[in-house]
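# Summary of structural features
Chain by chain, the residues run as shown.
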Amino acid sequence: MGLFKNRRVYLLTAVAYSGSLLFGYDTGVMGSVLALDSFKKDFGLPIGKTGFASARNAYISSNVVSLLTAGCFFGAIAAAFINEAIGRRPTLMAFCSVFLVGAAIQTAAHHEIGLIYAGRVVAGLGIGGMSAVMSVYVSENCPARQRGRISGLFQEFLVIGSTFAYWLDYGVSLHIPTSTKQWRVPVAIQMIPGGLMLIGLCFLKESPRWLTKKGKHQEAAASLAHVRCETIDHPDVIQELAEIRASIEEELNATEGVTWKECLQPGMRKRFILAFLIMFWQQFSGTNSIGYYAPEIFETIGVASSKTSLFATGVYGTVKVVATAIFLLVGIDQLGRKKALVIGGAWMSAMMFILAAVLATNPPDPTAPGVSPASIGMIVMIYLYVVGYSASWGPTPWVYVSEIFPTRLRGYGVGLAATTQWLFNFVITKITPLAINAIGWRTFLMFAIFCASMSIFAFFFVPETKRRSLEEMDILFGAVDPETRMHDIESAKAEKMLEIEQTEEADVGVLEHGTKH
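Reference entry: report on the structure contained in this document. Remember, predicted model here, so these are calculated numbers, not experimental data.

## Looking at the packing of helix H3 (residues 18-33) against helix H10 (residues 180-189)
The interhelical angle for the contact between H3 and H10, taken along N-to-C directions, is 175°, at an axis separation of 10 Å. Between H3 and H10, the angle falls in the class roughly antiparallel. Listed contacts from H10 to Tyr25, Val29, Met30 and Val33 of H3 are Trp183, Pro186, Val187 and Ile189. Looking at the contact of H3 with H10 residue by residue, the class counts come to eight nonpolar, no polar and no charged.

In structure tokens:
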């Protein structure tokens, strides 16, 4: 019954989070394409070198991957301001169109690595812009009790996109001969979900919270009633609208309409710092080093064959999809945000410590036939590591940052989080190939220390937010006291009921006037 009642929320989520699927696909596809001999031949890269053993391969790989994240960084900054001005839905449509242009440039590239670079930057602008808006759009339409599960689908769509890319690259390596077509097919396919997302957005409604913020109360009521599958005068719709209006009016009264003052207030300052630090720690967990460069990472730990490393990468992605789905179904709204981050960070740290120790004491022998027991053990550690990530620092940060900010600052808050994510994503993707080429197993030791540190950070500094409404976050972070909020909600409810009564009286008057004539 809950699923059917929230069917429009899930439909909106599926369309909006197609941007996350594109994010996942574009990150997964290039890491695997870089391992294909066809791509290396077309762009003059050394063939026969495994992992990041070739300094030139490491340099080109870091450029191809990191330029996407550089574009994402600037796209996220732009989107934070654009979506506040024109709305969540139009902003998503604009950046989806930018992504499609970038994907087309990448597909058309041949023998010119510069075109690949340009296409990655343009596609990154689109993905970064969508990443800063889609979580806001979804969270502002979600009911409080299901928000963790629904908002967390961001990560599920992301890992589905990357896993599909992994298996597609493995498939083309088996069934398409070494040629330009072999790498161009997986690069081109990303335009299909991008086009479907753009079409789907045309049929959705704007966020009721953004409409309320702009003073469009009738449109907000219609939008909220539509997504809740209720009438405008339903008690639940009236109550939720009252909470939204009370929250926004409190923000306006507290700052006299000057947004930047809110960022400096104690209850707000903590939220912006938390958003920055949570995304900082997510990137330094090491997950994107593996996600972007999975085939090369597997070759580094002893899976010498490119086809075998692509297969191992596909299994890695499948583990992420299954683990994320299980966590979203039974974990995030039951276990909570804080516990997931603490336990997940500790688990990932342990797996990375073991991986670093095994790689240091049992380095792979490139001349040995088959895969050694030590290499199999390291592969298992990577799979166990990603189980922990998928049940904690994968989906949880995006849920958390999209729910802690008030309506007036949510776009800026999530924009800051997305920008932070892309900035340090760029740093990690740029240095990973160079680090593994230069310091080897110590790279994984570094990530183990980071994972332990972020677990400690979450334990001491991250407040629990599960099953709280978006408007209750102000109380949690001390921006308003419970008594004031209750009074403002009752006032907003009374105002809304008066509007409904006046509308009904006007309708009756029109009918009586028509009857007399």
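## Overview of the packing of aromatic side chains
This model, assessed by the stated rule, comprises 26 aromatic pairs. Members of the aromatic cluster, joined through ring pairs, are Phe276, Phe280, Trp281, Phe284, Phe424, Phe450, Phe457, Phe459, Phe460 and Phe461. In this arrangement the basic side chain of Lys338 is found over the ring face of Phe459, its NZ or CZ atom lying 6.0 Å from the centre.

## Structural notes on unusual backbone geometry
Peptide bonds are, in most cases, trans, and in most cases residues other than glycine have a negative phi. For Cys229, which is not glycine, the phi torsion reads 60° and is therefore positive. Mapped onto the elements of the fold, Cys229 is located in the loop between helix H13 (217-227) and helix H14 (235-255).

## Regarding the nonpolar core
Phe39, Leu92, Met130, Phe298, Trp393 and Trp422 are the most contacted members of the largest nonpolar core, which has 133 residues in total. Each residue touching Trp422, except ones within four places of it in the same chain, is listed here: Phe23, Thr69, Cys72, Phe73, Ala76, Ile127, Gly128, Ser131 and Tyr292.

## Here we look at the environment of Gly388
Following the sequence through the fold, Gly388 ends up in helix H21 (residues 373-390). Along the primary structure Gly388 and Met351 are separated by 37 residues, whereas in three dimensions their C-alpha atoms are 9.1 Å apart. Ignoring any residue separated from it by four or fewer positions in sequence, one finds Gly388 in contact with Gly344, Trp347 and Met348.

## A short note on the packing of H3 against helix H9 (residues 153-175)
Where H3 contacts H9, the axes come no closer than 7 Å and their chain directions differ by 30°. For the pair H3 and H9, the sense of crossing is right-handed. Residues Ser18, Ser20, Leu21, Phe23, Gly24, Tyr25, Thr27, Gly28, Val29, Ser32 and Val33 of H3 pack against Phe154, Phe157, Leu158, Ile160, Gly161, Ser162, Phe164, Ala165, Tyr166, Leu168 and Asp169 of H9. Classifying every residue of the contact of H3 with H9 gives 13 nonpolar, eight polar and one charged.

About the criteria used
- Residues numbered from 1 in each chain as written.
- Predicted model: local features only at pLDDT ≥ 70, side-chain atom pairs only at ≥ 80, totals over all residues.
- Heavy atoms only, no water.
- Axes fitted to C-alpha atoms, helices over the stretch in contact; angles between N-to-C directions.
- Helix = DSSP H or I, 4+ residues; strand = E, 2+ residues; numbered from the N terminus.
- Parallel < 35°, antiparallel > 145°, perpendicular 65-115°, else oblique.
- Contact = heavy atoms within 4.5 Å.
- Nonpolar A, V, L, I, M, F, W, Y, C, P; charged D, E, K, R; others polar.
- Phe/Tyr/Trp six-rings, centres within 6.5 Å; stacked < 30°, edge-to-face > 60°.
- Lys NZ or Arg CZ within 6 Å of the ring centre and 35° of its normal.
- Core = buried A, V, L, I, M, F, W, Y, C linked by side-chain atoms within 4.5 Å.
- Buried < 20%, exposed > 50% of the residue type's maximum accessible area, 1.4 Å probe, protein only.
- Left-handed = near helix turned anticlockwise from the far one by under 90°.

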